[in-house]
Amino acid sequence: MRKLSLQILVPVALLALAANNGFAAVPGSPADRCLAHLREVAESKSFYWAWTYPWFAHHEGKGDARCAVERDGAILPKPLAETRLETPAWREEAKLEQRFGILPKFYYQDLCYVTGSWRSSQFYARNRATLTSVIRKVWKDYGAVCVFSWHMDHPCVTNGFKSAPYRYTCPEHKNVVKAILNDEQWPCGAGSATGSAERSAPSPRAWFVRQLEEVAAFFNGLTDERGEKIPVILRYAHEMDGGWFWWGKDACTKEEFIAISRIEANCLRKRCGDGQILFAYTPDRWWSGLGVEGKDGYLSWYPGDEYVDILGYDDYAVGSGKTPEARQKNFDNALAKMRTLSDYAAPRGKAVILSESGNPNSGFFYADLYRLMTAEDVRAAIANTWIGPWTWPKAPEGMKDLEAFVVQPNVKIIKTTRKGNEK
């Protein structure tokens, strides 16, 4: 057994003195250093607690302009000295910051606010500028690293945020992955399904490549004060083993998912270099074992070791169960999966994460999360809880559960010198 120790990080003033935000002691690129750090954390039996969407009011209809400025018609990120890290008071992340005086070392954002087809170009430009400011600021002050999900929209489908199912213009639009791979014309001759010239593209592939180019340009702008790239973690289209996304099992084959993931990696590596992006493969929990070809095991949709740096999966069954037996069954299922990933990752130089989890109605979710992440033979570096109305504790016992978790040994977070938002 590894020795347990309290792993709440040091205050901001000391963090600023850490060489390259805690990663420079390891040679290599920013991504190499970040990956080595995650592997080291996993082997120590500590883990980072991450949560989703801190600091960024992403639902503002015209784009978040708080950390952006407009000059000569261009929307640009504010200088670091002018960037204020303020989470809207109504958001659950703000409650965490104010109540406990903490920030996540690894935090989640979403590329659907950076590029897409359903909003105006000004919306995406403002969000790109604001996110650039915020990512630079938290990297400089805390060494914090952004984990990007990508709830991709598409001119033929909504992104699913306001209603869980995707809405297709017609049944032929369902397999847009195939259309991208084969460079087909728009299904049903849709062309620009939104009717907006700025969002139109000659084919689904051209549309997809355009999104990747915009993401690459955004990533290339994430640099520190010395001009070095700031590392990021990018999840391939996630939860592909479920049927609710347009890249999921009901909308494309395993082979098609693998192919489009490789296109994504190759395109971004070509445009951003090999030293900035860590690629994460994160299905949902509908798999068993590693699997073999043709079976729904963990590797069924896997792009290949050369395309993946981080192994994870999403599991919202952790900490749930109407009876003690049901709760234990869910825990045991999660434990078996985390051990499977840990065993696969170690000899291949990969890091392991629990990429999404949470339960708003449980008084023992965080207790189960902690015992899962610190269980014997589990070597995982990050546990992300999807903070928000979906998972924030709704009952007093849930808040007590969270309060106990925050001070648990081996939970790594940034302990700031203040409570509340940055001023």
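The structure under discussion appears in the preceding block.
Student: Just to check I follow, could you spell out the pattern of salt bridges for this structure?
Tutor: When their charged atoms lie close together, side chains carrying opposite charge are able to pair. Summed over all chains, the structure comprises 19 salt bridges. Residues E86 and R84 are paired through a salt bridge, measuring 2.6 Å at the closest nitrogen-oxygen approach. When its relative accessible area of 22% is taken as the criterion, E86 is described as partly exposed. With relative accessibility at 48%, the residue R84 sits in the partly exposed group. Where R371 meets D368, a salt bridge forms, and the shortest distance between an N and an O atom there is 3.0 Å. Placement of both R371 and D368 in helix α9 (residues 365-373) is noted, with a separation of 3 residues, approximately one turn of the helix. Given the relative accessible area of 30%, R371 is considered partly exposed.

Student: Whenever I open this one, the environment of I180 confuses me. Can you help?
Tutor: Mapped onto the fold, I180 is located in helix α5 (residues 176-181). What makes I180 buried here is its relative accessible area of 1%. C-alpha of I180 to C-alpha of V209: the two residues are 29 residues apart in sequence and 9.2 Å apart in space. Setting aside chain neighbours within four positions, we find I180 in contact with P204, R205, F208, W246 and I260.

Criteria and thresholds
- Here, residues in each chain are numbered from 1, in the same order as that chain's written sequence.
- Given that this is a predicted model, residues contribute local features only at a pLDDT of at least 70 and side-chain atom pairs are listed and counted only at 80 or more, while totals for whole chains, interfaces and linings are drawn from all residues.
- Excluded from the side-chain calculation are hydrogens and water; included are all heavy atoms of the structure.
- One side-chain nitrogen of Lys or Arg within 4 Å of one carboxyl oxygen of Asp or Glu is enough to make a salt bridge.
- For each residue, the accessible area found with a 1.4 Å probe, counting protein chains only, is set against the maximum for its type, and the residue is called buried under 20%, exposed over 50%, and partly exposed in between.
- Strands are runs of DSSP state E lasting at least 2 residues, helices are runs of H or I lasting at least 4, and numbering of each runs from the N terminus.
- Contacts between residues were defined by any pair of non-hydrogen atoms, one from each residue, lying within 4.5 Å.

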